[in-house]
Amino acid sequence: MATVKIRNIVLGEGLPKIAVPNVGTTEEEILASAAKIAEAKPDLMEWRIDYYEDGVKNAVILSETAKKLRDVVGKLPILVTFRTKNEGGVLELTEDAYLDLVETVIEKRLGDAVDIELFHDEKRIDQLIASAHNYNVVVIMSNHDFEKVPAKDVIVFRLKKMASLGADVPKLACMPHNADDVLTLLEATNEANKALPNPIITMAMGDLGKVSRVAGQVFGSSLSFGAVGKVSAPGQLSIEDLRNAESYLELH
Ligand SMILES: O=C1C[C@@](O)(C(=O)O)C[C@@H](O)[C@@H]1O
């Protein structure tokens, strides 16, 4: 399997990596959470900029905060994510505003990796992926269904589609309502992981989905999101629980 390097971490090799979301809403909160997150030593910090309205509205403010954030976390890899409202995010943006914001994140190199959602204008997505690669920014492409778990073939299709568009790491999160739904997500993960050269990331959300967040080694998800303080999605475990579960379940 091909691996993907984000600064000093390698996705698709060894234990699934742990990302902690930073959901601060002001610069002060963002920097304070970053200090706590860095102290907990995850593999990566996800900066959820949809929580940071002032920064989303003003690229200068966003860049200034990004510089301070880098000083606080040192070498810790940073994934910058604007999650749209349709896919579980906090702020509403027009299609163009979303795509322009992602472009700013890439061209100002606000992080080492960027989240780009699959379901947007394909031409712009193509350009953004090309630009990210020019700027040496890793592309984690994502899709979220907060209502349900799509059919297995749909999940596999979406993950393959992301890879075919040039994403480095395809990612999908969905909401199960019963055990069958969780199995569907896990089966799709196993199938996509075998079919694709890319490391992938999947999770079922909510309490039912928790088991999927610790099952990456078995079914093929290369990263799991754990919380330091506030969660950014339902069912996220604390970083301590996630770390303990991963080492307990380690394959030898
Ligand atoms: O895509 C994801 C996954 C996630 O939704 C989760 O369920 O852990 C959390 C988000 O912050 C992140 O962008």
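Just so we're clear, the structure is a prediction, and the values are computed from it rather than from any experiment. (Residues numbered from 1 in each chain as written. Predicted model: local features only at pLDDT ≥ 70, side-chain atom pairs only at ≥ 80, totals over all residues.)

## Some words on the pairing of strand S5 (residues 78-81)
Here's step 1: Of the two faces of S5, the one holding Ile78 and Val80 and the one holding Leu79 and Thr81 are both buried throughout.
Here's step 2: Pairing of strand S4 (residues 44-48) with S5, which is carried by 4 bridges, proceeds in the parallel orientation. By the bridge assignment, Arg48 is partnered in S5 with Thr81.
Here's step 3: Here 2 bridges tie S5 to strand S6 (residues 113-117), and the two strands are oriented parallel to one another. Residue pairing across strands places Val80 opposite Val114, the latter belonging to S6.
Here's step 4: A crossover connection joins S5 to the parallel S6 through helix H4 (residues 95-107); in handedness this β-α-β unit is right-handed. (Buried ≥ 20, exposed ≤ 12 C-beta atoms within 10 Å, placed from the backbone. Helix = DSSP H or I, 4+ residues; strand = E, 2+ residues; numbered from the N terminus. Pairing = 2+ DSSP bridges. Right-handed = clockwise from strand over helix to strand, strands pointing away.)

## Brief notes about the sheet that holds S4
The strands making up a sheet associate through hydrogen bonds between their backbones, and the pairing can be parallel or antiparallel.
Here's step 1: With respect to topology, 9 strands assemble into an open sheet ordered S9-S8-S7-S6-S5-S4-S3-S10-S11, the strand pairing being parallel. The open sheet has two edge strands with one neighbour each: strand S9 (201-204) and strand S11 (237-238).
Here's step 2: Docked against the sheet, helix H6 (residues 152-165) engages strand S7 (138-145) and strand S8 (169-174), running at close to 150 degrees with respect to S8. (Contact = placed C-beta atoms within 7 Å. Axes fitted to C-alpha atoms, helices over the stretch in contact; angles between N-to-C directions.)

## A short note on the environment of Ala130
Here's step 1: Along the chain, the position of Ala130 falls in helix H5 (residues 122-134).
Here's step 2: On a C-alpha basis, the gap between Ala130 and Leu165 in space is 9.8 Å, while along the polypeptide they are 35 residues apart.

## Looking at the UniProt feature "binding site: 3-dehydroquinate" (unreviewed entry) in the protein chain
Here's step 1: UniProt annotation of "binding site: 3-dehydroquinate" (unreviewed entry) refers to Glu46, Trp47, Arg48, Arg83, Arg213, Ser232 and Gln236 when read in the numbering used here.
Here's step 2: Looking at where Trp47 falls in the secondary structure, it is placed in strand S4.
Here's step 3: We classify Trp47 as buried; it has 29 C-beta atoms within 10 Å.
Here's step 4: Mapped onto the fold, Arg213 is located in helix H8 (residues 206-213).
Here's step 5: Exposure remark for Arg213: the 25 C-beta atoms within 10 Å place this residue in the buried category.
Here's step 6: In this view, Arg213 contacts Met203, Ser224, Gly235, Leu237 and Leu242; residues no more than four positions away in its chain are not counted. (UniProt positions renumbered as here; feature names shortened; annotations may be inferred.)

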